[in-house]
Amino acid sequence: MRVGLMVGSDKERPRAERLNGLIDDGKVAEEQGFASFWMPQVPGYLDAMTAVALLGAATDRIEIGTAVVPIQTRHPLIMAQQALTTQIACGSRFTLGIGPSHHWIISDQLGLPYDRPARLLRDYLEVLDAAFGGPGAIAVDNDNYRVHSPVDVTDAFTVPVLVAALGPTMLRIAGERTGGTILWMADERAIGDYVVPRITASAKEAGREGVRIVAGVPVALCADREVDDARAYASEVLGHADFSPNYVRLLEHGDAEDVGDTMAAGDEATVDARLRRYRDAGVTDLALRVVPLGQDAAQRQASRRRTQEFVASLASEFAAGT
């Protein structure tokens, strides 16, 4: 299992320092030996694709990915052009994570339709596949897109695609058509009993191997007496599940009731043991979201540093299968 970091919006940094701070975070993650660095497209925050391209230019080894970019906000051909350009900046270390997002973002915030997301994803992937097939003219006509356009960005790189797949239809599409899935708010039982069997069966039927299951997992080193408060804090700052019916339905397949319940929290042995349970459930890649704890910025900074240094120390062990 590969161990990476996932970041989000950083409200403690001044706005003028957020982009440079994010790039510094990626460089530190690479220096600490993490395998990957994932950035979501947070509403109203830094643009993930732009930031990932800059991260690629500032790093040398680490995989850099989006987790995830909503498909409704970018035409698939424009997404393909941007992804190919980003892949050049990243020196073939970029992975494009996409998904249909949630109604409260797409409809309520942006005023766009949130209809038949699975069908939209299938049609979207058809355009991406054609655009990623190499330079030349592409012609795709389906229910959602009519694309007749040249693609002339690069012939040097492909772009791996992962999908935020929560429901059975999405998991089938991810297994059939992409390199795997990126998960959030999925605990060990939901992954092992629900996600893994469906996506791997679909991939096998499609003749695909090496399907990736990237699990976003909050993590914090803390005393045993602080675990309950840490879980409640994680649910508050990372977004309650009841905001998104898609997450609620995913949680029903496991034991967790909110994002805090998926968290690896406690002392070193407790965090290690929980991350191993994710591995044993079938996770191929951890995308750890460090949740800093403390009453002020200095305490939270120290908490972040301790937690990140500890999980970095586990990365080589998990990669070696120990």
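Everything numeric in this text was worked out from a predicted model, so none of it was measured.

Observations regarding the packing of aromatic side chains
Here the structure, examined in full by the defined rule, presents 1 aromatic pair. Ring plane angle 75 degrees and centroid distance 6.0 Å describe the contact between Tyr124 and Tyr145, whose orientation is recorded as edge-to-face. One end of the pair, Tyr124, is in helix α5 (residues 117-131); the other, Tyr145, is in the loop between β6 (136-141) and β7 (146-151), and 21 residues separate them in sequence. We note that Tyr124, like Tyr145, is buried.

Quick word on the pairing of strand β1 (residues 2-6)
The buried fraction of β1 is high, at 4 of 5 residues. Direction of pairing for β1 relative to strand β2 (residues 36-39): parallel, over a ladder of 3 bridges. Bridge pairing links Leu5 to Phe37 in β2. Taken together, β1, helix α1 (residues 18-31) and β2 constitute a β-α-β crossover, and its handedness is right-handed.

Quick word on helix α8 (residues 227-238)
The end-to-end C-alpha distance of α8, which contains 12 residues, comes to 16 Å, matching closely the 16 Å that a straight helix rising 1.5 Å per residue would cover. Within the span of α8, buried status applies to Val227, Ala230, Arg231, Ala234, Ser235 and Leu238. The buried residues of α8 occupy an angular sector of 135 degrees when the element is viewed end-on, so they sit on one face. Exposed residues lying more than 90 degrees from the buried face of α8 are Asp228, Asp229 and Glu236. The elements touched by buried residues of α8 are β9 (180-184), β10 (212-221), β11 (264-266), α10 (268-281) and β12 (285-290). Just beyond α8, the residue with positive phi is Gly239, at close to 100 degrees.

Each value, and the rule that gives it
- Residues numbered from 1 in each chain as written.
- Predicted model: local features only at pLDDT ≥ 70, side-chain atom pairs only at ≥ 80, totals over all residues.
- Heavy atoms only, no water.
- Phe/Tyr/Trp six-rings, centres within 6.5 Å; stacked < 30°, edge-to-face > 60°.
- Helix = DSSP H or I, 4+ residues; strand = E, 2+ residues; numbered from the N terminus.
- Buried < 20%, exposed > 50% of the residue type's maximum accessible area, 1.4 Å probe, protein only.
- Pairing = 2+ DSSP bridges.
- Right-handed = clockwise from strand over helix to strand, strands pointing away.
- Expected span 1.5 Å × (residues − 1).
- Arc of directions from axis to C-beta.
- Contact = heavy atoms within 4.5 Å.

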